[in-house]
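# Secondary and tertiary structure notes
In case you want the letters, here they are:
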Amino acid sequence: AQSVAQPEDQVNVAEGNPLTVKCTYSVSGNPYLFWYVQYPNRGLQFLLKYITGDNLVKGSYGFEAEFNKSQTSFHLKKPSALVSDSALYFCAVRERGWGKLQFGAGTQVVVTP
Amino acid sequence: DSGVTQTPKHLITATGQRVTLRCSPRSGDLSVYWYQQSLDQGLQFLIQYYNGEERAKGNILERFSAQQFPDLHSELNLSSLELGDSALYFCASSVLQNTEAFFGQGTRLTVV
């Protein structure tokens with residue numbers, strides 16, 4: 001059975017510092033991996049995805065993520081965090097084929113000025 | 001704006017009642033997903049349809065049912081509602097099963 005874990009409930013970072021949000025997954029075969037962001041009282045917004053190819057994926061708003069097959073991880077990164085990046089971030093995984101799109105528990109990011 | 005439309009935005013109803021949540025996917029998207037988001041359970045996958053057919057099923061209660069119609073809109077029916085069913089219900093759509101899903105703004109259901 002597939003699963004996805006976000007080990008940190010909350011990440012605190014100062015504005016201008018690098019931001020990393022961790023995600024590990026368990027799935028049979030090669031996965032499809034996604035990151036989403038949710039602002040208060042809003043739906044989830046797509047940030048980036050890994051389907052195949054280059055392990056470093058670039059997405060919206062300066063975010064990027066690195067797919068590491070050996071560590072089954074897909075950590076989200078941003079070189080310089082902004083206060084406006086404060087939000088709830090979700091990692092999602094899907095098995096190839098008709099597997100369900102499953103989300104992690106979410107990580108609250110707090111960026112302080 | 002993701003292009004996914006959910007109605008209504010808010011719904012307050014009593015225990016034991018039945019409600020229907022509606023979702024219109026983005027133009028051209030064939031796949032529709034339903035999720036429940038509550039404070040203690042996170043984002044739970046309920047069910048996925050592709051071009052009218054059920055494709056994947058999650059932890060959807062027997063009191064809940066869904067369908068995707070020929071015009072590709074989808075409805076989630078919740079019956080015999082309990083207090084614990086109070087949550088945000090999200091619909092999402094995607095072109096294919098391996099592409100990113102785009103989420104609607106959600107329907108906030110409050111059962112009193």
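Preceding this section is the structure that the text describes.
Small disclaimer: the values here were computed from a predicted structure and weren't measured. (Residues numbered from 1 in each chain as written. Chains lettered and ligands numbered in written order. Predicted model: local features only at pLDDT ≥ 70, side-chain atom pairs only at ≥ 80, totals over all residues. Heavy atoms only, no water.)

### Some thoughts on the overall build of chain B
Note the following rule: Strands are runs of DSSP state E lasting at least two residues, helices are runs of H or I lasting at least four, and both sets are numbered from the N terminus onward. Only the C-alpha atoms count toward the radius of gyration. The rule for a globule is 2.2 Å times the residue count to the power 0.38.
Looking only at helices and strands, one finds zero helices and 11 strands in chain B. In chain B, the order of α-helices and β-strands from amino to carboxyl end is β-β-β-β-β-β-β-β-β-β-β. Computed over the C-alpha atoms, the radius of gyration of chain B is 13 Å, within 12% of the 13 Å expected from 2.2 N^0.38 for a compact globule of 112 residues. Projecting the C-alpha coordinates of chain B onto the three principal axes gives extents of approximately 35 × 30 × 25 Å.

### Structural notes on the environment of E100(B)
As a reminder of what qualifies: The contact criterion used throughout is that any non-hydrogen atoms of two residues lie within 4.5 Å. Counting of polar contacts relies on pairs of N or O atoms within 3.5 Å, with two restrictions inside protein: one atom must be capable of donating a hydrogen and the other of accepting it, and residues adjacent in sequence are counted only when both atoms are side-chain atoms.
Residue position: E100(B) is located in the loop between strand 9 (87-94) and strand 10 (102-103). In this structure, the C-alpha to C-alpha distance between E100(B) and Q37(B), residues 63 residues apart in sequence, is 19 Å. In this structure, E100(B) is in contact with F34(A), Y36(A), F46(A), K49(A), S93(B) and S94(B), ignoring residues within four places of it in sequence. A distance of 2.7 Å separates the side chain of E100(B) from the side chain of K49(A), its partner in a polar contact.

### Description of the nonpolar core
Cut-off, in case you're wondering: Put simply, buried Ala, Val, Leu, Ile, Met, Phe, Trp, Tyr and Cys residues joined by side-chain atoms within 4.5 Å make one nonpolar core. Partly exposed describes any residue whose relative accessible area lies between the buried limit of under 20% and the exposed limit of over 50%, with all areas from a 1.4 Å probe on protein chains only and scaled to the type maximum.
With 27 residues, the main nonpolar core has L19(A), W35(A), L47(A), L48(A), F74(A), L76(A) and Y89(A) as its most contacted residues. Among the elements of the structure, strand 2 (10-14), strand 3 (19-21), strand 5 (31-38), strand 6 (44-50), strand 8 (64-68), strand 9 (73-78), strand 10 (87-95) and strand 12 (107-112) of chain A are those that each provide at least two residues to this core. Looking at this core, the element that brings in the most residues is strand 10 of chain A, giving four residues. If you look at the next biggest cluster of nonpolar residues, it comprises 21 residues, including Y32(A), L88(A), A56(B) and L88(B).

### Quick word on the packing of aromatic side chains
Here is the rule: Pairing of aromatic side chains here covers Phe, Tyr and the six-membered ring of Trp, requires ring centres within 6.5 Å, and sorts the geometry by plane angle: under 30 degrees stacked, over 60 edge-to-face, intermediate tilted.
Evaluation of the coordinates by the stated rule reveals 14 aromatic pairs over all chains. Considering the side-chain rings of Y35(B) and F45(B), the 5.5 Å spacing of their centres and the 65° angle between planes classify their relative orientation as edge-to-face. A residue pair is termed long-range when its members are at least 10 positions apart, and Y35(B) in strand 4 (residues 31-38) and F45(B) in strand 5 (residues 42-50) qualify at 10 residues. Residue classification places Y35(B) among the buried residues on the basis of a relative accessible area of 0%. Consider the rings of Y35(B) and F103(B), whose centres lie 5.7 Å apart with planes at 40°: the pair is tilted. Taken as a pair, Y35(B) in strand 4 and F103(B) in strand 10 lie far apart in primary sequence, 68 residues in all. Like F103(B), Y35(B) is buried. Joined through ring pairs, the aromatic side chains of Y36(A), F46(A), F90(A), F103(A), Y35(B), F45(B), F90(B), F102(B) and F103(B) make up one cluster.

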